[in-house]
Each structure stands twice: as structure tokens, then as C-alpha cells.
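# Reading the structure
Here are the chains, one letter per residue:
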Amino acid sequence: MPSGLVALLDDVAMIAKVAAASVDDLGAAAAKAGSKAAGVVVDDAAVTPGYLTAFTPDRELPIIWQIVKGSLRNKLLILLPAALAISQFAPWAMTPLLMIGGLFLCYEGAEKVLEKLGGDHHGEVLGDAITDLTEFERERVSGAVRTDLILSAEIMAIALAEVATEPLVSRALILALVGVVITIVVYGAVALIVKLDDIGLHLAKKPGAANQKLGEMLVNAMPKVLAVLSPLGTAAMLWVGGGILLHGTHELGWHWPSDLAHGVQHAAEAAGGAAGWLAYAVSSALVGLGLGAAIALLLHKVLKRKAH
């Protein structure tokens, strides 16, 4: 399974089982889902703040709200009907579709790495003069929602696999429940991350040495946190995308790539479980980087040269 999401996928499967066992108790299932959604926060919360750079503080929460609405549309209006239709009429199509999404994540992540290494930039970047702030904001929101679509598809697919034998209405309720709760948890965490500096400023102005010290610590820490989240977000795209592809090829009968990555993982586990997890994550990321770079070079070099 994709290492960046392995804990989440196990947890989402458990959420789906709990919800399936007691569909009527939606409140309890929602609470269970909220407590189990921490795994996805690592990936989404790492990726999303990168889309909020270059904006003034007064635009951060409105932009997050736009992304939240896009995420809910992804889950409830696109992925939920698609998942139900596929589970009903073409269950064999789920793995190939997820692999296409994984390739997109690999491409996005590899493109960012190539740009950092001195490659050509595609689209507006932070160093460019922003001539149309409204359009720049629209592009950032659109990019975040596209990435969310792939991550959300993985979540919904795992939940669907656990409740595939449930009646159609039950499946719809369970998937909607999982989607809404995880969206709230993930983007609530994102909002907290990007507003920590404002919280710190507020505390620094309050009376009391403890408040001021904590406020100053938050303000000073936020640039470092965001600096770490940017490369972590790129790494998350690569390890999740690569992990989806490794899992997909295994499901389709091509076992050696996944077996090789798991072999590296098991060898590293001699140094501890965390080392094994990291080894699989790195293996997935390298797969994602290689395939994503190949796609990026094909699109931006080969096909672009032929077009001219």
C-alpha cells in the first residue's frame, strides 16, 4: 500500500466497517471518522499550505474555504457518484483509474523537483511579478483542488472496498460520511497551520509573560514550519503517487516492483518499524520521481519540440 497513506487506509477501512455495522448511528460513526483521519493530515496538510504562499493574511482563510468547497465537490459530486457507479457496473476499472491519478501526482511532484534543480518553470511562480492577483488566486485554488481530487479518490476507493457488499444507499451514506469528516479534519488542520503566526501575534499583545513568550515562539517558528512543509508537500506527492502505482501494478499482476519495494522495507525493519516505513516511503518516492520526471520531460521537451 502507499506508505504515506498506509495508516490512513487501514483507519478508513475500519471507519467504513464501523459505519457499515451501524449505518443508523451516523453521529457515532462521524466521531470515529474524525478521530481516525490523522493519517491524511500529514499528506494534505503538507501539500495545501504551499498553495497559500504569496497571499496576504486576510485572504488565507477565504482561499482555504474555496479549497474546502472544491474538496467537498470532489468527494460528493464527482467521486461519490463515480465510486458507486464503478462498484455497481465496472469494479475492474477502479485500480487503473487510481493509477492514472497516481501518475498525475508523480508528474506534479517531479515537475516541482525539476524546477528546483534549475529546470524551466511552468505557470506562475513566487519569483514572478503577479500581474493579476485574482487570476493568480484562481490558479492556486484550482491546483489545490486538483491535488485534493487524487488524494480523495484514494480515500474513497479504500472505504468503498470495505463496504462493497452493503446496499447501495448504505454505501452512499458511508462514503459521504467519510468524505465530509475527513475534509473537515484535514482543512481545519491546514487553517490552523497557516494562521498560527496570527495567533502568535495576538498572544504576544496580551498581558502576561507566558502569553507573550508563547506568541513570540509561534511567530518565529512559522517561517521554519512553512519552509519544511514545502518540500514535504512535494515529497508527499511523490511517495503517495509512487505508492499508488506500486500497489496498482501488484493488483494488475505485475508483482516485481512492489515486491522489490517491500523487500527494501523488510530489510530496513531490522533497524525498527520506523526505518521500514521510511524505506518504503523513499522507494515509492523514487518510483514517483522517475515516472513523473519522464512524463514532465515528454510533455515539456519532446512534445513541445514536435509542436514547434
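Below is a short write-up of the structure. (Residues numbered from 1 in each chain as written. Predicted model: local features only at pLDDT ≥ 70, side-chain atom pairs only at ≥ 80, totals over all residues. Heavy atoms only, no water.)

## Quick notes on the overall build of the protein
When its secondary structure is counted, the protein shows 10 helices and zero strands. The order of α-helices and β-strands along the protein, N terminus first, is α-α-α-α-α-α-α-α-α-α. Relative to its full complement of 308 residues, the protein shows a buried share of 44%. Considering only contacts in the protein between residues 6 or more positions apart, those separated by 24 or more positions represent 78%. Per element, the accessible surface of the protein, about 15300 Å² overall, is 68% carbon and sulfur. (Helix = DSSP H or I, 4+ residues; strand = E, 2+ residues; numbered from the N terminus. Buried < 20%, exposed > 50% of the residue type's maximum accessible area, 1.4 Å probe, protein only. Contact = heavy atoms within 4.5 Å. Areas by Shrake-Rupley, 256 points an atom, 1.4 Å probe, with all protein chains shown as cover.)

## Some remarks on the packing of helix H8 (residues 209-251) against helix H9 (residues 256-268)
Where H8 meets H9, the closest approach of the two axes is 7 Å, and the angle between their N-to-C directions is 125°. Put simply, H8 runs oblique to H9. Residues Leu246, Thr249 and His250 of H8 pack against Pro257, Ser258, Asp259 and Ala261 of H9. Residue classes in the contact of H8 with H9 are distributed as three nonpolar, three polar and one charged. (Axes fitted to C-alpha atoms, helices over the stretch in contact; angles between N-to-C directions. Parallel < 35°, antiparallel > 145°, perpendicular 65-115°, else oblique. Nonpolar A, V, L, I, M, F, W, Y, C, P; charged D, E, K, R; others polar.)

## Points about helix H7 (residues 168-204)
With 37 residues, H7 should cover 54 Å at 1.5 Å per step; its first-to-last C-alpha distance of 53 Å lies within 8% of that length. Maximal helix bending in H7 amounts to about 50°, located at Lys195. (Expected span 1.5 Å × (residues − 1). Bend = angle between axes of the 7 residues up to and from the residue.)

## Remarks on the nonpolar core
The biggest cluster of nonpolar side chains holds 25 residues, and the ones touching the most others in it are Met94, Leu98, Leu105, Leu175 and Val240. Looking at this core element by element, the count peaks at seven residues for helix H6 (residues 133-162). Contacts of Leu175, omitting those with residues within four sequence positions, involve Leu80, Ala83, Leu84, Met156, Ala159 and Leu160. In this structure, Ile67, Ala144, Tyr187 and Val190 belong to the second largest nonpolar core, which totals 17 residues. (Core = buried A, V, L, I, M, F, W, Y, C linked by side-chain atoms within 4.5 Å.)

## What about the packing of H7 against H8?
Two quantities define a packed helix pair, namely the angle between the axes and the distance from one axis to the other. Across the interface, H7 lies against H8 with an axial gap of 7 Å and an inter-helix angle of 160°. Taken together, H7 and H8 sit at an angle that is classed as roughly antiparallel. Regarding H7 and H8, the two cross each other, and that crossing is left-handed. Between H7, through Ile193, Leu196, Asp197, Ile199, Gly200, Leu201, Leu203 and Ala204, and H8, the contact on the second element is made entirely by Asn211, Gln212, Leu214, Gly215, Glu216, Leu218, Val219, Met222, Leu226 and Leu229. Within the contact of H7 with H8, the residues separate by chemical class into 12 nonpolar, four polar and two charged. (Left-handed = near helix turned anticlockwise from the far one by under 90°.)

## Here we look at the environment of Glu60
With respect to the helices and strands, Glu60 occurs in helix H4 (residues 57-89). What makes Glu60 buried here is its relative accessible area of 10%. For the pair Glu60 and Lys195, spaced 135 residues apart in sequence, the C-alpha separation works out to 8.0 Å.

## Regarding the environment of Arg59
For Arg59, the location among the structural elements is in helix H4. Relative accessible area serves as the criterion here: at 26%, Arg59 is assigned to the partly exposed category. Beyond its immediate stretch of four places on either side in the chain, Arg59 contacts Gln66 and Glu137.

## With respect to the packing of aromatic side chains
Aromatic ring pairs are reported here in terms of the distance separating the ring centres and the angle at which the planes meet. A full pass over the atoms with the stated rule returns two aromatic pairs. Seen in terms of ring centroids, Trp239 and Trp277 are 6.0 Å apart; in terms of plane orientation they differ by 80°. Their pairing is edge-to-face. With Trp239 in helix H8 and Trp277 in helix H10 (residues 273-307), this pair connects stretches of sequence that are 38 residues apart. Owing to a relative accessible area of 9%, Trp239 belongs among the buried residues under this scheme. Summarising the aromatic geometry, the rings of Trp254 and Trp256 are spaced 5.6 Å apart at their centres and angled 90° between planes, so their arrangement reads as edge-to-face. On the basis of relative accessibility, which here comes to 52%, the residue Trp256 falls in the exposed class. (Phe/Tyr/Trp six-rings, centres within 6.5 Å; stacked < 30°, edge-to-face > 60°.)

## As for the pattern of salt bridges
Between side chains of opposite charge, a pair can form when the charged atoms approach closely. Scanning the entire structure with this criterion turns up one salt bridge. For Lys75, the salt bridge identified is with Asp148, shortest N-O distance 3.6 Å. Here Asp148 lies in helix H6 and Lys75 lies in helix H4, a separation of 73 residues in the sequence. For Asp148, a relative accessible area of 1% gives the class buried. (Salt bridge = Lys/Arg side-chain N within 4 Å of Asp/Glu carboxyl O.)

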